[in-house]
Amino acid sequence: MTLSHDEIRGLLPEYAGVLLTDDQKQCIEAHLEQCRECAEMLVLLKDLRDCEVADPGDIFWKTLPQKIRALSRDEHARRSAWRFSPARLLPLVPALLLIILAFFVFPFQVRQAPQRDPLFRDPLEYSLLELDDITEKQIRTREGGLTAEEAALLDATAPSYHSEFVTLSSDELSALFRTLQSKDHKGG
Amino acid sequence: MDDDIRLVERYMAGDDMAMEEIVLKYQRVIYAFVYRMTRDMEEAKDLTQKTFMNVIGGIRNFRRQSSFKTWLYQIAAHATLNQIRQCRKNEVEIGETIVCNQKGALSLLMEKQRIQDVRSALSLLPERQRLTVVLRVYEGLNCEETAGVMGCSEGAVKAQYHNGVRKLREAMKEKGHDTVS
């Protein structure tokens, strides 16, 4: 096994702490015989390891585990208390309030919104047109001389009054005639 | 499964005895580590206790990406460095008394003095260099583990370690100690 000077220098702490394999130890010992720098460093590391640690005494070693155990028991108790506490739901309260607010305020705002003319949605919706007070003469037809703009707005494919009448049977036409007569010839 | 992980899982399941076992297993190494960093017994006792208290508080954040031992050293190192930084603000240099209970032999006294000087030189290193030297030399952590504790790369650990040891050698030479025996 061969190790470079830098690799050996990096392994000296493990060597001083007897944490190496036999191969590594032999390699390092051979290197230490030749390399003064590494030998100096090893002495220093051994000096460092020889520094004593002041013993705090048996009471400390015995009481610390018990103290920490008591603290951990408190921590467990605190956690389980929190798990079943209603306070745990507190963070949900603002979210819940927002939902409630949205639920009540939003429809109210919609109700308060200005009502749009139904014709805005579908200007060609016949059922929405109030034609009760309009006489037949007032209805302008293509032949009646529409302006170019009005004519352009009309759907050329839409069925005209005439074509609707054509589809009626004679009985239906008679019934319609009677109805119009009873209503003084007013449609609607 | 790793013994430590098993203890952690037992603790998470609500077994307080597991925490006591963790403390019994690691209290001496953590105390020694903290003592070597602070050189103050009372402070080391407090910091050891604080380390385990932090373990209780933060064990749910232990992601098992590193070993439990590395994570524990990380907490101890963090607490110790914070304490050192706090102390530095109102630092009062207290000369350490050399307790010599040997039987008067001059060589033994000189040896004691030499070790005392190494400790003094260690305490004068910048905190991250000191932390690296303590973790590598005393705690026997390899470069990878030390990097895990310090939250840096292995290259940075190597650089910190070599700079630290170089400064220690220079300090020892200044004090008249020849490092080759």
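Structure: above.
Residues numbered from 1 in each chain as written. Chains lettered and ligands numbered in written order. Predicted model: local features only at pLDDT ≥ 70, side-chain atom pairs only at ≥ 80, totals over all residues. Heavy atoms only, no water.

Caption draft 1: Highlighting the overall build of chain B. The helix and strand inventory of chain B stands at 8 helices and 0 strands. Of all 181 residues assigned to chain B, the portion counted as buried reaches 49%. A sequence separation of at least 24 residues applies to 62% of the contacts in chain B between residues at least 6 apart. (Helix = DSSP H or I, 4+ residues; strand = E, 2+ residues; numbered from the N terminus. Buried < 20%, exposed > 50% of the residue type's maximum accessible area, 1.4 Å probe, protein only. Contact = heavy atoms within 4.5 Å.)

Caption draft 2: Fine view of the interface of chain A and chain B. Of the residues lining the interface, 36 residues belong to chain A; the matching set on chain B comes to 49 residues. Summing both sides of the interface, chain A and chain B together bury roughly 4100 Å²; the carbon and sulfur share of this comes to 63%. When the buried area of chain A at its contact with chain B is split by residue, A:Leu44, A:Leu48 and A:Trp61 rank highest and sum to 16% of it. One can count 5 salt bridges joining chain A with chain B. Of the charged contacts in the structure, one is a salt bridge between A:Arg73 and B:Asp16, with a shortest N-O distance of 3.9 Å. At the surface where chain A touches chain B, the tally comes to 7 residue pairs in polar contact (both at pLDDT 80 or more). Of all the secondary structure elements, the ones that give two or more residues to the side of chain A that touches chain B are helix 1 (5–16), helix 3 (36–50) and helix 4 (58–83) of chain A. Element by element, the count of residues in the side of chain A that touches chain B is highest for helix 4 of chain A, at 14 residues. Each residue belonging to the side of chain A that touches chain B can be placed in one class, and the counts come to 17 nonpolar, 4 polar and 15 charged. (Buried area = accessible area lost by both parts, 1.4 Å probe. Salt bridge = Lys/Arg side-chain N within 4 Å of Asp/Glu carboxyl O. Polar contact = N/O pair within 3.5 Å; in protein donor to acceptor, adjacent residues only side chain to side chain. Nonpolar A, V, L, I, M, F, W, Y, C, P; charged D, E, K, R; others polar.)

Caption draft 3: Structural view of empty space enclosed by the protein. Inspection of the entire model under this criterion finds 1 cavity of 30 Å³ or more. Here the largest cavity defines a volume of roughly 60 Å³. Together, A:Cys51, A:Glu52, B:Tyr35, B:Arg36, B:Arg39, B:Arg119, B:Leu122 and B:Tyr138 line the largest cavity. Listed by contribution, the elements that provide at least two residues to the lining of the largest cavity are helix 2 (16–38) and helix 5 (106–123) of chain B. Taken together, the residues of the lining of the largest cavity break down into 4 nonpolar, no polar and 4 charged. Domain assignment of the residues forming the lining of the largest cavity places at least three in each of domain 1 (1–94) and domain 2 (97–181) of chain B. (1 Å grid on protein atoms, 1.4 Å probe; cavity = no way out; pocket = protein on both sides within 12 Å on 5 of 7 lines; lining within 4 Å. Points joined across faces, edges and corners; volume = space filled by probe spheres on them. Domains from an automatic or database assignment.)

Caption draft 4: Up close: a nonpolar patch on the surface. All names here are of chain A. Taken together, the side chains of Leu96, Leu98, Ile99, Ile100, Leu101, Phe103, Phe104 and Val105 present a nonpolar region at the surface, about 860 Å² in accessible area. With respect to the element layout, phenylalanine 103 can be found in helix 5 (residues 92–112). Relative accessible area serves as the criterion here: at 60%, phenylalanine 103 is assigned to the exposed category. (Patch = residues over 30% accessible without salt bridge, like charges linked within 9 Å, V, L, I, M, F, W, Y side chains within 5 Å. Areas by Shrake-Rupley, 256 points an atom, 1.4 Å probe, with all protein chains shown as cover.)

Caption draft 5: Structural context of helix 4 of chain A. Compared with an ideal rise of 1.5 Å per residue, which puts 26 residues at 38 Å, helix 4 of chain A spans 38 Å between its outermost C-alpha atoms and is within 8% of the ideal. Maximal helix bending in helix 4 of chain A amounts to about 25°, located at A:Leu64; proline A:Pro65 follows within four positions. All buried positions along helix 4 of chain A are accounted for by A:Phe60, A:Trp61, A:Leu64, A:Pro65, A:Ile68, A:Ser72, A:Glu75 and A:His76. Tucked inside the fold, the buried residues of helix 4 of chain A contact helix 1 (3–12), helix 2 and helix 3 (41–58) of chain B. (Expected span 1.5 Å × (residues − 1). Bend = angle between axes of the 7 residues up to and from the residue.)

Caption draft 6: Region of interest: the packing of aromatic side chains. Per the stated rule, a full pass over the model turns up 10 aromatic pairs over all chains. An angle of 90° between the planes, with centres 5.6 Å apart, marks the rings of A:Phe103 and A:Phe104 as edge-to-face. What makes A:Phe104 exposed here is its relative accessible area of 58%. Ring geometry for B:Tyr31 and B:Tyr35: centres 6.1 Å apart, planes at 25°, overall stacked. Of this pair, B:Tyr31 and B:Tyr35 are both found in helix 2, 4 residues apart, which corresponds to roughly one turn of the helix. With relative accessibility at 8%, the residue B:Tyr35 sits in the buried group. Chaining the aromatic ring pairs together yields one cluster made of A:Phe60, A:Trp61, B:Tyr31 and B:Tyr35. The ring of A:Trp61 carries the charged tip of B:Arg28 above its face, separated from the ring centre by 4.3 Å. Of note, B:Arg136 hangs over the ring of B:Tyr161, and the distance from its end group to the ring centre comes to 5.4 Å. (Phe/Tyr/Trp six-rings, centres within 6.5 Å; stacked < 30°, edge-to-face > 60°. Lys NZ or Arg CZ within 6 Å of the ring centre and 35° of its normal.)

No statement about biological role is implied by the geometric values presented.
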